[in-house]
Amino acid sequence: MADFDIESVSGLRVIELREQLSNRGLPTTGLKEELVKRLRDAMESEQSIREMSDESSPEISERIKAIGEKEPAREERKSESEINLNQLLATMMNMNYNLKEMKADKVDKNEERLGEIEKNIEKNEERFGEITLEIGKLKEAMKVDISAEKLNFAKENIREQEISQDQPNIAKPNINISIYDGKTSWQVYKTQFSIVANGNGWDPVTKARQLAASL
């Protein structure tokens, strides 16, 4: 393509405009008027930069040179920062991995402990069942013993009644009480009366009658 200036941009074809824009890293979409304006603005900016570069003072040149010399240092610091960042990320990933390992180990230990507890519960339930069965057997044995004891007690009562019926009815001798004459101490007479009443087997009514008859 022949050289062209800003004024001749409008005479380029669309394909040529897009090629020039693409070479400059600019968008290549739009109508021809938009492409012409975009390329013209870019060329004007390029021309202004060249003019400023040609007319720049030694001081500006030195600044540009200094900036150029600082670029490697910036790149070096950037590389160090990237290295530090990568190291930090690696450390964080390692910590995260260790944390997961610790959690997994803790979960395994808890599950193992839970399994032991469940086994102990099963053993206790089994033992509880055995104890319950033994208690049931003891209750049955106690029922049998109590029933046998009741039967023996009933037999003994029947036997005692039979023995009592077989023995002759012997009347107890009746002890007489003397009449109170007023000379003897009342306390002494009362004691004698109680002894005689108990010996004769008197009930309270009989005691009252005998005492009244003795006064």
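Residues numbered from 1 in each chain as written. Predicted model: local features only at pLDDT ≥ 70, side-chain atom pairs only at ≥ 80, totals over all residues. Heavy atoms only, no water.

**Some details on the overall build of the protein**
What counts is decided by this rule: A helix here means a DSSP run of H or I that spans at least four residues, while a strand means a run of E at least two residues long, and both kinds are numbered starting from the N terminus. Partly exposed describes any residue whose relative accessible area lies between the buried limit of under 20% and the exposed limit of over 50%, with all areas from a 1.4 Å probe on protein chains only and scaled to the type maximum. Computed with the Shrake-Rupley method and a 1.4 Å probe, the accessible areas treat only the protein chains shown as cover for residues.
Helices and strands together make up the secondary structure of the protein, namely five helices and zero strands. Secondary structure elements of the protein occur, N-terminal to C-terminal, as α-α-α-α-α. Across the 215 residues in the protein, those meeting the buried criterion constitute 9%. By element, 55% of the accessible surface of the protein is carried by carbon and sulfur atoms, the whole surface being about 18,500 Å².

**Overview of the pattern of salt bridges**
Worth spelling out the cut-off: Note on definitions: salt bridges are taken to be side-chain nitrogens of Lys or Arg within 4 Å of carboxyl oxygens of Asp or Glu.
The final tally for this structure, using the stated rule, is five salt bridges. The partner of arginine 113 in a salt bridge is glutamate 116, and the shortest N-O contact between them spans 3.3 Å. Highlighted residues: arginine 113 and glutamate 116, both in helix H3 (residues 58–166), separated by three residues, approximately one helical turn. Among the salt bridges present, the one from arginine 127 reaches glutamate 130, with a minimum N-O distance of 3.1 Å. In this pair, arginine 127 and glutamate 130 are both assigned in helix H3, three residues apart and thus about one turn of the helix distant. Residue glutamate 130 is classed as partly exposed on the basis of its relative accessible area of 37%.

**Section: a nonpolar patch on the surface**
Rules: By definition, no residue in a patch forms a salt bridge, and every one has over 30% relative accessible area; like charges are joined within 9 Å, nonpolar side chains (Val, Leu, Ile, Met, Phe, Trp, Tyr) within 5 Å.
Side chains of Leu85, Leu88, Leu89 and Met92 sit close together on the surface and give an oily, nonpolar patch of about 380 Å² of accessible area. Mapped onto the elements of the fold, leucine 88 is located in helix H3. Take leucine 88: its relative accessible area is 48%, and that puts it in the partly exposed class.

**Thoughts on the nonpolar core**
The test is simple: Note on terminology: a nonpolar core comprises buried Ala, Val, Leu, Ile, Met, Phe, Trp, Tyr and Cys residues joined through side-chain atoms within 4.5 Å.
Counting residues in hydrophobic clusters, the biggest one holds nine residues: Ile6, Val9, Leu12, Leu17, Leu21, Leu35, Val36, Leu39 and Met43. When residues of this core are traced back to their parent elements, those giving at least two are helix H1 (14–23) and helix H2 (32–54). Tyr189, Val196, Ala197 and Trp202 belong to the second-largest nonpolar core, a separate cluster that totals six residues.

**Some details on H1**
Heads up, the condition is: The arc in question is traced by the directions running from the helix axis to the C-beta atoms.
Regarding H1, the residues found buried are Glu16, Leu17, Gln20 and Leu21. Relative to the axis of H1, the buried residues are bounded by an arc of 135° and lie together on one face. Seen from the open side of H1, the exposed residues pointing more than 90 degrees away from its buried face are Ile15 and Asn23. The positive-phi residue at the C-terminal boundary of H1 is glycine 25, with phi of around 75°.

**Details of the environment of tyrosine 180**
To keep things clear, this is the line we draw: Contact criterion: two residues are considered in contact whenever any of their non-hydrogen atoms come within 4.5 Å of each other. Each polar contact in these results corresponds to two N or O atoms within 3.5 Å; when the atoms are within protein, one needs to be able to donate a hydrogen and the other to accept it, and residues that are neighboring in sequence are counted only if both atoms are side-chain atoms.
Along the chain, tyrosine 180 falls in the loop between H3 and helix H4 (186–200). Sequence-wise, tyrosine 180 and serine 214 are 34 residues apart; in three dimensions their C-alpha atoms are separated by 5.9 Å. Other than its neighbours up to four places away in sequence, tyrosine 180 contacts Ser185, Trp186, Tyr189, Ser214 and Leu215. Reaching out from tyrosine 180, the side chain makes a polar contact with the backbone oxygen of threonine 184 at a distance of 3.0 Å.

**Examining the UniProt feature "domain: SAP" (unreviewed entry) in the protein**
Let me state the cut-off plainly: UniProt positions are given in the numbering used here, feature names are shortened, and annotations may be inferred rather than shown by experiment.
Here the UniProt feature "domain: SAP" (unreviewed entry) sits at residues 9–43. Taken end to end, residues 9–43 is 63% helix and 0% strand, and its two terminal C-alpha atoms sit 10 Å from one another.

**With respect to the packing of aromatic side chains**
Going by this rule: Note on aromatic pairs: the rings of Phe, Tyr and Trp (six-membered ring only in Trp) are paired at centre separations within 6.5 Å, and the planes decide the class, stacked below 30 degrees, edge-to-face beyond 60, tilted for the rest.
Considering all chains together, one arrives at four aromatic pairs under this definition. A centroid spacing of 5.5 Å and a plane angle of 80° characterise the contact between tyrosine 180 and tryptophan 186, whose relative ring orientation is edge-to-face. Overall, the relative accessible area of 22% leaves tyrosine 180 in the partly exposed class. Since its relative accessible area comes to 39%, tryptophan 186 is described here as partly exposed. Aromatic side chains tyrosine 180 and tyrosine 189 sit 5.0 Å apart centroid to centroid with 50° between the ring planes, which places their arrangement in the tilted category. Owing to a relative accessible area of 2%, tyrosine 189 belongs among the buried residues under this scheme. Following the ring pairs from residue to residue traces out a cluster consisting of Tyr180, Trp186 and Tyr189.

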